[in-house]
Amino acid sequence: MPKPPSSNETFAARIRRETAPEHEAIEGVVDLMRPDIDRAAYRGYLERALGFIEASDARVRQHLGAWLDLELRTHAPRLIADLRALGASDDEIAALPRAEDAFSDFDLQRTWGAAYVIEGSTLGGQLLRKHLASTLDGEPPLFAFLDPHGPQTGRRWREFRAALEAAAEREDPDRIVDGARETFARYRRWLAQPRLVPAAAEA
């Protein structure tokens, strides 16, 4: 059972604490910081992630456009740009599997939890970018998905966190936490699938 929130704990602190096990579990599936990572492994991660990120973007557009700048909080186009920079063709990108039903049961409140997971991933983006730029062979690719805000990352996160805190005041905070937990769990299961690229796309 999660420890109940204290009266002076911010909601951002609460959701981080209560989703820590799920966050740790997904890091066991995707390790972009390993010293032997190469371009093929990095591209493979992006290929796996795309279908899930597109589904998350769609749900955020549906529910959260009144509170978030959708241009800033839409991530799939940046991921596609990274894939192209790594040599993926438009046909190869189109053939990648999509997690179309990943968020079919997410209402407004749970979608705030999903947005927390995806936006929170940008916080480590600059560290990942530095590591990958020094580790991957050849010309460093784009890192538009991992590090979408660059030097503005801190400010963009504070803006999102303020919107999240306001949402927790308006909505049921337990439902937001539940959405974040489910997003971590579903993303982990999606990324852990042993085969995501259809055989026809490999021919």
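Preceding this section is the structure that the text describes.
What comes next concerns the included structure.

Definitions and cut-offs
- Residues numbered from 1 in each chain as written.
- Predicted model: local features only at pLDDT ≥ 70, side-chain atom pairs only at ≥ 80, totals over all residues.
- Heavy atoms only, no water.
- Helix = DSSP H or I, 4+ residues; strand = E, 2+ residues; numbered from the N terminus.
- Expected span 1.5 Å × (residues − 1).
- Contact = heavy atoms within 4.5 Å.
- Buried < 20%, exposed > 50% of the residue type's maximum accessible area, 1.4 Å probe, protein only.
- 1 Å grid on protein atoms, 1.4 Å probe; cavity = no way out; pocket = protein on both sides within 12 Å on 5 of 7 lines; lining within 4 Å.
- Points joined across faces, edges and corners; volume = space filled by probe spheres on them.
- Salt bridge = Lys/Arg side-chain N within 4 Å of Asp/Glu carboxyl O.
- Nonpolar A, V, L, I, M, F, W, Y, C, P; charged D, E, K, R; others polar.
- Core = buried A, V, L, I, M, F, W, Y, C linked by side-chain atoms within 4.5 Å.
- Arc of directions from axis to C-beta.
- Polar contact = N/O pair within 3.5 Å; in protein donor to acceptor, adjacent residues only side chain to side chain.

## Overview of helix 9 (residues 153-170)
Compared with the 26 Å implied by 1.5 Å per residue over 18 residues, the 26 Å span of helix 9 between its first and last C-alpha is a close match. In this structure, the buried residues of helix 9 make contact with helix 1 (11-18), helix 4 (70-73), helix 7 (108-120), helix 8 (125-135) and helix 10 (173-192).

## A few points about the side chain of Arg156
Relative to the helices and strands, Arg156 is located in helix 9. Its relative accessible area of 17% is what places Arg156 among the buried residues. When residues no more than four places from it in sequence are discounted, the contact partners of Arg156 are Leu72, Arg73 and His149.

## Quick look at empty space enclosed by the protein
Overall, the coordinates contain one cavity of 30 Å³ or more when judged by the stated rule. By volume, the largest cavity is sized at about 60 Å³. Around the largest cavity sit Ser56, Asp57, Val60, Leu68, Arg73, His75, Ala114, Ala115, Ile118, Glu119 and Phe160, which together line it. Mapped by element, the contributors of at least two residues to the lining of the largest cavity are helix 3 (39-63) and helix 7.

## A short note on the pattern of salt bridges
Throughout the structure, instances matching the rule amount to 21 salt bridges. Asp105 is the partner of Arg186 in a salt bridge, and the nearest nitrogen-oxygen pair spans 2.9 Å. Here Arg186 is found in helix 10, whereas its partner Asp105 is found in the loop between helix 6 (90-95) and helix 7, with 81 residues between them in sequence. Note that Arg186 is salt-bridged to Glu182, the shortest N-O span being 2.7 Å. Taken together, the residues Arg186 and Glu182, both in helix 10 and four residues apart, mark about one turn of the helix. For Arg186, a relative accessible area of 17% translates into the label buried. Classification of Glu182 by relative accessible area gives partly exposed; the value is 23%. Each member of the salt-bridge network shares a partner with another, and the members are Glu9, Arg14, Arg17, Glu18, Glu22, Asp174 and Arg181.

## A short note on the layout of surface pockets
Looking at the largest pocket, its volume works out to about 910 Å³. Around the largest pocket sit 31 residues that line it, and His23, Glu27, Gly120, Ser121 and Gly124 are the ones nearest its centre. Residue assignment for the lining of the largest pocket shows that the elements contributing at least two residues are helix 1, helix 2 (20-27), helix 3, helix 7, helix 8, helix 9 and helix 10. Its residues placed into classes, the lining of the largest pocket shows 21 nonpolar, six polar and four charged.

## Let's talk about the nonpolar core
Residues Tyr42, Tyr45, Trp112, Tyr116 and Leu146 are the most contacted members of the largest nonpolar core, which totals 54 residues. Elements with a contribution of two residues or more to this core: helix 1, helix 3, helix 5 (76-85), helix 7, helix 8, helix 9 and helix 10. At nine residues, helix 3 tops the list of elements feeding residues into this core. With sequence-adjacent residues up to four places away left out, Tyr116 is seen in contact with Ile15, Arg16, Thr19, Trp157, Phe160, Leu164, Ala180 and Phe184.

## So, helix 8
Residues of helix 8 that are buried include every one of Gly125, Leu128, His131 and Leu132, and no others. The buried residues of helix 8 all sit within an arc of 130 degrees when viewed along its axis, so they share a single face. Facing away from the buried surface of helix 8 by more than 90 degrees, the exposed residues are Leu127, Lys130 and Ser134. Packing partners of the buried residues in helix 8 comprise helix 3.

## As for the environment of Asp105
What makes Asp105 partly exposed here is its relative accessible area of 39%. Distance in space between the C-alpha atoms of Asp105 and Gly179 is 10.0 Å, their sequence separation being 74 residues. In contact with Asp105, other than residues within four places in its own chain, are Arg110 and Arg186. A polar atom in the side chain of Asp105 sits 2.9 Å from the side chain of Arg186.

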